[in-house]
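Take a look at the letters that make up each chain.
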Amino acid sequence: MPRLNSKIFLSIVFLILLLATSAYRYLELVDKKQNELLRLAINAASLIKAEDARNLQFSTADNESEYFKKIREHLKSYSRYENNISIYTIAVRGNDLIFGPESIDEKSPLSSPVGTIYRNPPRELFEVYFTGEAYVTKSYHDEYGEFISAFAPVKDRAKNQVLFVLGVDVSTKDLKKALYLESLTYMSILFLIFLPLFLLFIINNTWLNRNRYRALYLTLVLGLTLTGYFVYISYEKERLENYHRSSYLTHKQMQIFAHDISEFEDQLMNLALVLGQSNRVDEQLFKTLSQAIYLNNPIQAVEWIPVVTQKQNHYFEINDKGYRVPVGQRSKYFPITYIYPMSDNEEARGYDSGSNPLRKEAIEKAIKTHLPAATFPVAIVHKTMSGIIYFCPVIKNGQVVGLVSGVIRIGDYLHSIFNKDLDQSLNDDNANLLEVASTGNSADLQRSFFKSLSSQDSFSMPFPFADKIVVLEIPRDVTLPSLGLLALALGGLTLTISLALIALRWRKTNEQLETLVDLRTSK
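Residues numbered from 1 in each chain as written. Predicted model: local features only at pLDDT ≥ 70, side-chain atom pairs only at ≥ 80, totals over all residues. Heavy atoms only, no water.

Engineer: Hey, could you go over the nonpolar core for me, with residue numbers and the actual values?
Structural biologist: Core analysis: the largest hydrophobic core is formed by 48 residues, its most contacted members being Leu37, Ile48, Ile87, Phe164 and Leu166. For this core, the secondary-structure elements that each account for two or more residues are α1 (2-46), α3 (66-81), β1 (86-93), β2 (96-102), α4 (123-131), β6 (145-156), β7 (161-171) and α5 (172-203). Among the elements that line this core, the one with the most residues is α1, at 8 residues. In terms of nonpolar packing, the next biggest core, distinct from the first, is built from 23 residues, Phe257, Phe264, Leu275 and Ile299 among them. (Core = buried A, V, L, I, M, F, W, Y, C linked by side-chain atoms within 4.5 Å. Buried < 20%, exposed > 50% of the residue type's maximum accessible area, 1.4 Å probe, protein only. Helix = DSSP H or I, 4+ residues; strand = E, 2+ residues; numbered from the N terminus.)

Engineer: Can you tell me about the environment of Phe194, naming the residues and giving the values?
Structural biologist: By the secondary structure assignment, Phe194 is in helix α5. By relative accessible area, which is 5% here, Phe194 ends up buried. Between the C-alpha atom of Phe194 and that of Leu222, which follows or precedes it by 28 residues, the distance is 8.9 Å.

Engineer: I'd like a description of the environment of Tyr323, backed by residues and values.
Structural biologist: If you trace the backbone, Tyr323 turns up in the loop between β9 (316-318) and β10 (324-326). Residue Tyr323 is classed as exposed on the basis of its relative accessible area of 54%.

Engineer: Quick rundown of the packing of aromatic side chains? Include the residues and the values.
Structural biologist: Overall, the coordinates contain 12 aromatic pairs when judged by the stated rule. An angle of 65° between the planes, with centres 5.9 Å apart, marks the rings of Tyr88 and Phe99 as edge-to-face. Taken together, the positions of Tyr88 in strand β1 and Phe99 in strand β2 put the pair 11 residues apart, joining distant regions of the chain. For the pair shown, Tyr88 and Phe99 are each scored as buried. Just above the ring of Phe316 sits the side chain of Arg324; from NZ or CZ to the centre is 3.7 Å. (Phe/Tyr/Trp six-rings, centres within 6.5 Å; stacked < 30°, edge-to-face > 60°. Lys NZ or Arg CZ within 6 Å of the ring centre and 35° of its normal.)

Engineer: Outline empty space enclosed by the protein, supporting the account with residue identities and numerical values.
Structural biologist: As enumerated under the stated definition, the model contains 4 cavities of 30 Å³ or more in all. Counted as a void, the largest cavity has a volume near 110 Å³. If you trace the largest cavity, you find it lined by Ser86, Tyr88, Phe99, Glu102, Ile104, Leu110, Ser112, Tyr118, Asp142, Tyr144, Phe147 and Asp169. Counting only elements with at least two residues in the lining of the largest cavity, the list comes to β1 and β2. (1 Å grid on protein atoms, 1.4 Å probe; cavity = no way out; pocket = protein on both sides within 12 Å on 5 of 7 lines; lining within 4 Å. Points joined across faces, edges and corners; volume = space filled by probe spheres on them.)

The structure is reproduced here in structure tokens:
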């Protein structure tokens, strides 16, 4: 009976240790997932420009608004990238909270058509309005179900005013399931670590009591088990902390990148506005106005592209083999007429931008909407590198007479901010800069929120670029175990081996004494 009690006691101790460690791990994962959800909300809110947000009414009249459609498409795009996570907007109108544009499909039972009143909101939603800061909730119930949500303000920074709140939802049931699975994996590894000790103490207890070297076996198994236990939980904690430390720093750098791109857009739009107000665009005027843009941004060039109907002899295009050939006959031409700086870019002068399908699509969209449009990374004329070309229409008397374009060398931007040369990656299928569309198949772009945080191999951040949503992805640096972790492992092994040698020496000494006693007794 005493032996049975000792086995039960040891079993209970092992079980409590496993459950307590796994429970702590579960709570830690909940906290980390909430922070990740908060980051998604802040990223999604950054996609909405204040000038677009100010034009929303949060009523059925928005259904015909271009601003409403633009915001909705941006939210749908980012939602698809993040594995169709629910993103929505809420504004205060009178005494009610009203839903606005959202990423949720209109046929979904979770959908809230614009103008719908939100009747059971969580407390944190009001705190976003009062403080202007982002918040994440614990699990709560509303008329749509049980969720954990993060809320981020969309602000008019000029007036320091919260225009409305953007929310990101995840089902409590789905999140708990994912966290339980991850915790179960964690507990299974701990169980395997403790299994030798469990077998030695409980299952083979009789064999152990009869074995002469039981002290040695106990020392080795107990020492290795405890060393493995503490090393593993320390490693998991360190890996999770490293992920979030790297995530914080990388996203700060990404915000600088997005801000610089936004500044560049504003400068190019101002250039288009000035040229639209001038009597004529001559080379000296264009050079003077473009110089500041070029010097303040790591770009390849600033270009003036008029819309012309008469072909000139020096207009050219690039054929499939990469050779310059005269342009064919078409109704309109979009030649690069002025370019700054001229040095290192002169070969691009006369190139018909409309001869390239990607450039032509962006140009025609800018002309049709009277709004900026951009290509996704394309080969730069006369260069082996890739870049994004931003087209901004120049409007006179309601007509687009030309476009100013900026050729952005993304590799240079990334290198200046992250001190990493990623331009080569942009030439490969491994895209560090991803265009996210709101339609079509994007399985290769999707990232699961329920994926283990520490196993994700890159950080991402979306930002609006002209008519597109672009996601910047930066690979994670490979982090090796810290010196402290290695010292813990080495110290545990050293202590275990030292104690095992002491146990062995003690056993040898006892054997010698037993032999001596037996010898004298026999005499």
